[in-house]
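Listed below, chain by chain, are the residues.
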2 protein chains.
Amino acid sequence: MEKPQPDIHRILHALGDATRRAIVERLSERPYSVTGLATPLEITVTAVGQHLQVLEESGLVQTEKVGRVRTCRLDAAGFQALEGWIRDLRPAWEQKLDRLGELLEEE
Amino acid sequence: MEKPQPDIHRILHALGDATRRAIVERLSERPYSVTGLATPLEITVTAVGQHLQVLEESGLVQTEKVGRVRTCRLDAAGFQALEGWIRDLRPAWEQKLDRLGELLEEE
DNA sequence: TCGATTGTCAAGTATGAACTTCACTATTCT
DNA sequence: AGAATAGTGAAGTTCATACTTGACAATCGA
């Protein structure tokens, strides 16, 4: 149950779900309780709890239970890992599809 | 069939699938044909074609058919949009969970 | 021109996961 | 103490979507 180091596959899988993205965007505003997240989404707290587990395991969200309330906020770890992934791929996607250059190199 | 402007939800949904991530990572190496992508993944070209449509619609991949071969490469548009999304969220996830500051502000 | 290669289209299957419900525990309030 | 609130856990349902197959079209090589 310790904080696993962020894994890009976990992260992208977590962000692949619309509800989880909604949770993330809500938490980008300010921290919320589980119920505070569930209400506007019109789903049960159980469902939110399940999503939170995925988000937490991917390092995108951090939660802390104090008393009976679990407070959820974004976690930098996952976002930094995601940033790093894109940065590492940059040389690949930044290739200018320069038509001229392409044709010249063709042969 | 025109290039739709990148939408972060499309993008994250596209990257949510493991096979599509595998395609992206393969294309980060160099451009590939549809068959060239399908073979190492051990899935049919039909399946790859379906994934390519999703990736293309999200602006992550660009394809061009020349003769009977469709050549696929990464597309900057989607990655730039993804970068922008993370950048915009930065203030939210960059909040230092400074224990001291937290406790002080509590009341 | 014939066969092999590359990809597309339509239609069907099936599996995973996003939910729900219900029962329960733990905390807070009066 | 009793009632209300916040969340957890197990188990079942259902629906999206990632695949397949099979038939076909277009291109290329011999």
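Just so it is clear, the model here is predicted, and its values are computed rather than measured.

## Concerning the protein's contact with DNA strand C
Not every one of the 21 residues close to DNA strand C is listed here, only the nearest: Thr19 and His51 of chain A together with Thr35, Arg68 and Arg70 of chain B. Counting only the atoms of DNA strand C that lie within 4 Å of the protein, the sugar and phosphate share comes to 67%. Between DNA strand C and Thr46 of chain B there is a distance of 3.3 Å, counted from a base nitrogen to a side-chain nitrogen or oxygen. Put simply, the parts of the chain that give the surface near DNA strand C at least two residues each are helix H2 (18-27) and helix H4 (45-57) of chain A together with helix H3 (34-41), helix H4 (45-57) and strand S3 (69-74) of chain B. Among the elements that take part in the surface near DNA strand C, H4 of chain A stands out by supplying 4 residues, more than any other. The residue makeup of the surface near DNA strand C, split by class, is 5 nonpolar, 10 polar and 6 charged.

## Quick notes on the packing of aromatic side chains
Using the criterion set out here, one finds 4 aromatic pairs over all chains in the structure. When the centroid spacing of 6.4 Å and the interplanar angle of 45 degrees are considered together, the rings of Phe79 of chain A and Trp85 of chain B count as tilted. Taken together, the residues Phe79 of chain A in helix H5 (residues 76-93) and Trp85 of chain B in helix H5 (residues 76-93) connect one chain to another. A single burial state applies to Phe79 of chain A and to Trp85 of chain B, both of which are buried. Here the aromatic residues Phe79 of chain A together with Trp85 and Trp93 of chain B are joined through ring pairs into a cluster of three or more. Stacked on the ring of Tyr32 of chain A, the Lys or Arg Arg30 of chain A has its end atom at 3.9 Å from the ring centre.

The rules we used
Residues numbered from 1 in each chain as written. Chains lettered and ligands numbered in written order. Predicted model: local features only at pLDDT ≥ 70, side-chain atom pairs only at ≥ 80, totals over all residues. Heavy atoms only, no water. Near = heavy atom within 4 Å. Polar contact = N/O pair within 3.5 Å; in protein donor to acceptor, adjacent residues only side chain to side chain. Helix = DSSP H or I, 4+ residues; strand = E, 2+ residues; numbered from the N terminus. Nonpolar A, V, L, I, M, F, W, Y, C, P; charged D, E, K, R; others polar. Phe/Tyr/Trp six-rings, centres within 6.5 Å; stacked < 30°, edge-to-face > 60°. Buried < 20%, exposed > 50% of the residue type's maximum accessible area, 1.4 Å probe, protein only. Lys NZ or Arg CZ within 6 Å of the ring centre and 35° of its normal.

Purely spatial values, then, with no claim about function.
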